[in-house]
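# Summary of structural features
As a plain string of letters, each chain reads:
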Amino acid sequence: MAVFGGTFDPPHLGHLVVASELIDRLGVDEVRLVVANEPWQKVGSRPITPAADRLRLTRLAAGDLDGVTVSDVELRRGGSSYSIDTLEAFAAEEPDTRWLLVVGADAAAGLDTWHRADDLRALAEVVVVNRGGDERDTPAGWRRTRLDIPALEISSTDLRRRRAEGRTMRLLTPDPVITEIERLGLYLSEA
Ligand code: ATP
Ligand code: MG
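We now turn to the structure provided with this report. (Residues numbered from 1 in each chain as written. Chains lettered and ligands numbered in written order. Predicted model: local features only at pLDDT ≥ 70, side-chain atom pairs only at ≥ 80, totals over all residues. Heavy atoms only, no water.)

## Some details on the site of ligand 1
- Of all residues adjacent to ligand 1, which total 23 residues, the nearest are Lys 42, Asp 106, Arg 131, Ser 156 and Thr 157.
- In the environment of ligand 1, an oxygen atom lies 3.1 Å from a nitrogen or oxygen atom belonging to the backbone of Phe 8.
- Taking Ile 154, its main chain carries an N or O atom lying 3.1 Å from a nitrogen atom of ligand 1.
- Burial of ligand 1 by the surrounding chains reaches 91%, relative to a free accessible area of 600 Å².
- Mapped onto the shell around ligand 1, the elements with two or more residues apiece are strand E1 (2–6), helix H1 (13–26), strand E6 (100–104), helix H5 (105–108) and helix H7 (156–164).
- For the shell around ligand 1, the class distribution of residues is seven nonpolar, eleven polar and five charged. (Near = heavy atom within 4 Å. Polar contact = N/O pair within 3.5 Å; in protein donor to acceptor, adjacent residues only side chain to side chain. Areas by Shrake-Rupley, 256 points an atom, 1.4 Å probe, with all protein chains shown as cover. Helix = DSSP H or I, 4+ residues; strand = E, 2+ residues; numbered from the N terminus. Nonpolar A, V, L, I, M, F, W, Y, C, P; charged D, E, K, R; others polar.)

This is the structure:
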């Protein structure tokens with residue numbers, strides 16, 4: 001089981017290609033997109049879209065893709081979102097499962113700073129996905145697999161900027177996500 005956490009503000013094809021490659025190349029049976037309630041690494045740097053809206057967008061992005069599910073466990077728990085709390089909750093329900101924690105290379109570099117990093121290291125194997133030429137190493141001590149995907153320079157930051165500037169988001173995220181962003185009136189001013 002692969003757990004792929006993020007702010008998903010908004011979700012995009014970069015996220016979905018990661019999920020698809022995990023299934024195709026690593027034989028993962030389920031990729032669980034876990035929407036952060038309060039992403040502690042981002043709070044304070046910019047206003048974050050309400051979690052319920054990001055959850056809705058992420059469900060639309062996952063659509064009916066085989067093997068890709070969306071979890072609201074961090075919204076239900078409330079407060080700051082820590083991967084270790086989420087993985088422990090999942091592992092309590094499915095004790096015999098092998099847990100993969102999926103991170104882009106940018107996020108992998110900071111793993112040692114994550115909440116209760118020692119417990120996380122013990123519980124999960126990390127899958128590091130290449131991202132935009134970010135060649136920083138994963139810190140030592142983590143059980144780690146690399147997954148090389150076609151590099152896609154797509155980010156939520158770029159999508160928010162496009163929307164604020166009135167440029168197109170088409171083909172960078174699924175059409176239903178774009179329609180919902182417009183309906184909710186999100187990202188109209190650049191943060
Ligand atoms: P932002 O620009 O707001 O930081 P983001 O595009 O990085 O958004 P996040 O929700 O922060 O999206 O990312 C969640 C996870 O997905 C992270 O582990 C990140 O490294 C990974 N990720 C996001 N986009 C890509 C991509 N294009 N290729 C590979 N990994 C990605
Ligand atoms: Mg990011």
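## Section: the sheet that holds strand E7 (residues 125–129)
- Sheet architecture is open: six strands sit in the order E4-E2-E1-E6-E7-E8, paired in parallel fashion. On the outer flanks of this sheet lie strand E4 (68–71) and strand E8 (144–147), each paired with one strand and no other. Strand-to-strand twist in this sheet, taken as the mean axis angle between neighbours without regard to direction, amounts to 30°.
- The sheet contact formed by E6 and E7 spans five bridges and is parallel. When the sheet's bridge partners are listed, Val 102 is paired in E7 with Val 127.
- This element, H1, spans E1, strand E2 (31–35), E4, E6, E7 and E8 of the sheet and lies at about 110° to E8. (Pairing = 2+ DSSP bridges. Axes fitted to C-alpha atoms, helices over the stretch in contact; angles between N-to-C directions. Contact = heavy atoms within 4.5 Å.)

## What about the side chain of Glu 30?
- Along the polypeptide, Glu 30 turns up in the loop between H1 and E2.
- At 2.7 Å, the side chain of Glu 30 and the side chain of Thr 69 are in polar contact.
- If we skip the residues at most four places from it in the chain, Glu 30 touches Met 1, Ala 2, Gly 67 and Thr 69.

## Concerning unusual backbone geometry
- A cis amide bond links Asp 9 with the next residue in sequence, Pro 10, at an omega value of 0°.
- Tracing the chain through its elements places Pro 10 in the loop between E1 and H1.
- Unusually for a residue other than glycine, Leu 171 sits at a positive phi of about 75°.
- Position of Leu 171 relative to the elements: it lies in the loop between H7 and helix H8 (175–184).
- Positive phi, close to 65°, is recorded for Tyr 187, a residue that is not glycine.
- Within the secondary structure, Tyr 187 sits in the segment after H8.
- Among the residues examined, Tyr 187 registers a relative accessible area of 9% and is labelled buried. (Buried < 20%, exposed > 50% of the residue type's maximum accessible area, 1.4 Å probe, protein only.)

## What to know about the pairing of E2
- Among the five residues of E2, five are classified as buried, and the element is accordingly described as predominantly covered.
- Covered by surrounding structure in E2 are Val 31, Leu 33 and Val 35 together with Arg 32 and Val 34, the residues of both alternating faces.

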